[in-house]
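Overview (structure and organization)
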Amino acid sequence: MNAKLDSGVATRPVTRQTFDEVLVPTYAPAAMVPVRASGLDVWDQDGKHYLDFTSGIAVSSLGHCNPVVVEALTRQANTLWHVGNGYTNEPVLRLASALIEATFADRCFFANSGAEANEAALKLARKYAHGKFGPHKSRIVSCYSSFHGRTLFTVSVGGQSKYTEGFEPLPPEINHINYNDIESARAAIGDDVAAVIVEPIQGEGGVIPGDIEFLKALRELCDKTGALLIFDEVQSGVGRTGTFYDYMNVGVTPDVLTSAKALGNGYPIGAMLTTNEIAQYLAVGSHGTTYGGNPLATSVALAVIEQINQPGFLARVREASGKIVANLEKLAADYPQLFTKPRGKGLLLGLPMADGYKGKSKDYTKVAEKLGLMLLIAGPDVVRLAPALVVSDEQIAEADRIMRQAADAFLAG
């Protein structure tokens, strides 16, 4: 028998301990609970202030509660929320048109997350290969240490055993190559390959930029074998690396591109972009999603890209990147026992731990958090910085000050 819902449940006090009592333990969140934010400023339940250099894992690129995005969501929330995929809507048509005008693509498919966008891309690749060449062409090639989502298909493609252990049997016909290893790619990509999926910069794998020659080699191998080249730009896209999408930096155009994270600035949305020739293989009824392309998400995303995809905005991202990289290089030089040379691109940056502190990146970020700076990790050996793209020079200087203070405290403790 169902108990009557307590009318006070919406205002009942909750704490970090409540997480351990009511949620499936798939995460180990911080001790503090954020309750309010603006720009890069965050406040927790106790009123303590933090400078956010995570942007929700490269999501809130325009900062928390960006007024233009809030206005777009509010306006749409008072107009039309949801209609289902038996109907289209004006916001999704406007967003698709804007993305097509800004990229190589002719067609868009919208989903709710990066994992769903990658799932759609991989299904499209198999469908395209089967339809054009036959069922023998089905193999997917990805890179070790990549990350493409948490569905069973995408986590299998990701090539990190820590995310697949206990979920076997895994989908077949998936092989992995070493990132930035052209010979490894040549050995793996044959005529039976349907698609090669790659991040132009690996985020979760350690913030490792793809070598341009490696990405060009993948393009050539796909052209030679008839495989589709998929760029996973879930983390690198929508201005994060200083261009609208990172494929524009490297000069390699994929057949399919996936996008999410910053596309919605925190409102769930994912997108798969491709060409007319390829898109036709996903005919009516072959794929779908209930919420993908709904008016709320697409209104938000259009407001986001209209702000970010501007020459002046992207130039500022590159300028801010240069300032942070210079600070990180000086930090590594001043604390060589703790850090090595930074790497990354735009405002997706990694600071590797030195040999004596391998495996300690999370420990360092916990110290920084206590001092008021929110940071990410990219595996156990790399501190990751992904601030909102609107980060100011003053916030860059403040982050540098706290990172140095954290380094002193970490080494002392």
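Residues numbered from 1 in each chain as written. Predicted model: local features only at pLDDT ≥ 70, side-chain atom pairs only at ≥ 80, totals over all residues. Heavy atoms only, no water.

Here the focus is the sheet that holds strand β13 (residues 343–345). Taken in spatial order, the four strands line up as β13-β14-β17-β16 in an open sheet, and their pairing is antiparallel. The open sheet has two edge strands, β13 and β16 (376–377), and neither has a second partner. When β16 meets strand β17 (residues 382–385), the two strands line up antiparallel, connected through two bridges. Following the sheet pairing, L376 is matched in β17 by R384. (Pairing = 2+ DSSP bridges. Helix = DSSP H or I, 4+ residues; strand = E, 2+ residues; numbered from the N terminus.)

Another point: unusual backbone geometry. Note that the residue after E168, namely P169, is joined by a cis bond; omega there is 5°. One non-glycine residue, N180, lies in positive phi territory at about 65°. Among the secondary structure elements, N180 is positioned in the loop between β6 (174–177) and α7 (182–188). Exposure remark for N180: the relative accessible area of 22% places this residue in the partly exposed category. You will see that V238, though not glycine, has its phi angle at about 60°, which is positive. Note on placement: V238 falls in the loop between β10 (228–232) and α9 (247–250). The class of V238 is buried, set by a relative accessible area of 0%. (Buried < 20%, exposed > 50% of the residue type's maximum accessible area, 1.4 Å probe, protein only.)

With that settled, the discussion passes to the layout of surface pockets. By volume, the second largest pocket is sized at about 840 Å³. Around the second largest pocket, the lining is made up of 32 residues, and of these N85, C108, F109, F110 and G292 lie nearest the centre. Counting residues per element, the ones that place at least two in the lining of the second largest pocket are α4 (90–102), β4 (107–111) and β12 (270–274). In terms of residue count, β4 provides more of the lining of the second largest pocket than any other element does, four residues in total. Here the lining of the second largest pocket is built from residues that sort into 16 nonpolar, 15 polar and one charged. (1 Å grid on protein atoms, 1.4 Å probe; cavity = no way out; pocket = protein on both sides within 12 Å on 5 of 7 lines; lining within 4 Å. Points joined across faces, edges and corners; volume = space filled by probe spheres on them. Nonpolar A, V, L, I, M, F, W, Y, C, P; charged D, E, K, R; others polar.)

Now for the sheet that holds strand β11 (residues 256–259). Spatially, seven strands are ordered β4-β12-β11-β10-β7-β5-β6 in an open sheet, and the strand pairing comes out mixed. Two strands close off the open sheet at either side, each with one partner strand: β4 and β6. Across the sheet, the mean angle separating the axes of adjacent strands is 20° when strand polarity is ignored. Docked against the sheet, helix α5 (residues 114–132) engages β4, β5 (139–143), β7 (193–198), β10, β11 and β12, running at close to 30° with respect to β12. (Axes fitted to C-alpha atoms, helices over the stretch in contact; angles between N-to-C directions. Contact = heavy atoms within 4.5 Å.)

Further remarks concern the packing of helix α13 (residues 361–370) against helix α14 (residues 393–412). Running from N to C, α13 and α14 point in directions that differ by 120°, and their axes come no closer than 9 Å. Taken as axis vectors, α13 and α14 run oblique relative to one another. As α13 packs across α14, the resulting crossing turns out to be right-handed. Taking contact as the criterion, the partners of D363, Y364, V367 and A368 in α13 are, on α14, I402, M403, A406, A407, A409 and F410. Of the residues assigned to the contact of α13 with α14, the class counts are nine nonpolar, no polar and one charged. (Parallel < 35°, antiparallel > 145°, perpendicular 65-115°, else oblique. Left-handed = near helix turned anticlockwise from the far one by under 90°.)

Scanning all chains against the criterion turns up one cavity of 30 Å³ or more. Approximately 50 Å³ is the volume attributed to the largest cavity. If you go around the largest cavity, the residues you meet are F53, I324, N327, L328, L385, I396, A399, D400 and M403. Elements with a contribution of two residues or more to the lining of the largest cavity: α12 (311–334) and α14. With four residues, α14 is the single largest residue contributor to the lining of the largest cavity.

The subject of this paragraph is α12. One full turn of an α-helix is made of 3.6 residues, so residues set three or four places apart face in the same direction. Counted at 1.5 Å a residue, the expected span for α12 with its 24 residues is 34 Å, and the 35 Å between its end C-alpha atoms agrees. Every buried residue of α12 is listed here: F313, L314, V317, A320, S321, I324, L328, L331 and A332. Where the residues of α12 are buried, they touch α11 (295–308), β14 (348–352), β17 and α14. (Expected span 1.5 Å × (residues − 1).)

Take the pairing of β6 next. The pairing of β5 with β6 spans four bridges and is classified as parallel. Within β6, the residue paired with V141 across the bridge is N175. Since β5 and β6 lie parallel, the crossover through helix α6 (residues 152–158) that links them has a hand, and here it is right-handed. (Right-handed = clockwise from strand over helix to strand, strands pointing away.)

Turning next to the pattern of salt bridges. All told, the structure shown has 19 salt bridges when counted by the stated rule. The residue D192 makes a salt bridge to R139 at a minimum N-O spacing of 2.8 Å. Here the residue D192 occupies a position in the loop between α7 and β7, and R139 occupies one in strand β5, the gap between them amounting to 53 residues. We classify D192 as partly exposed; its relative accessible area is 28%. The partner of K360 in a salt bridge is D363, and the shortest N-O contact between them spans 4.0 Å. (Salt bridge = Lys/Arg side-chain N within 4 Å of Asp/Glu carboxyl O.)

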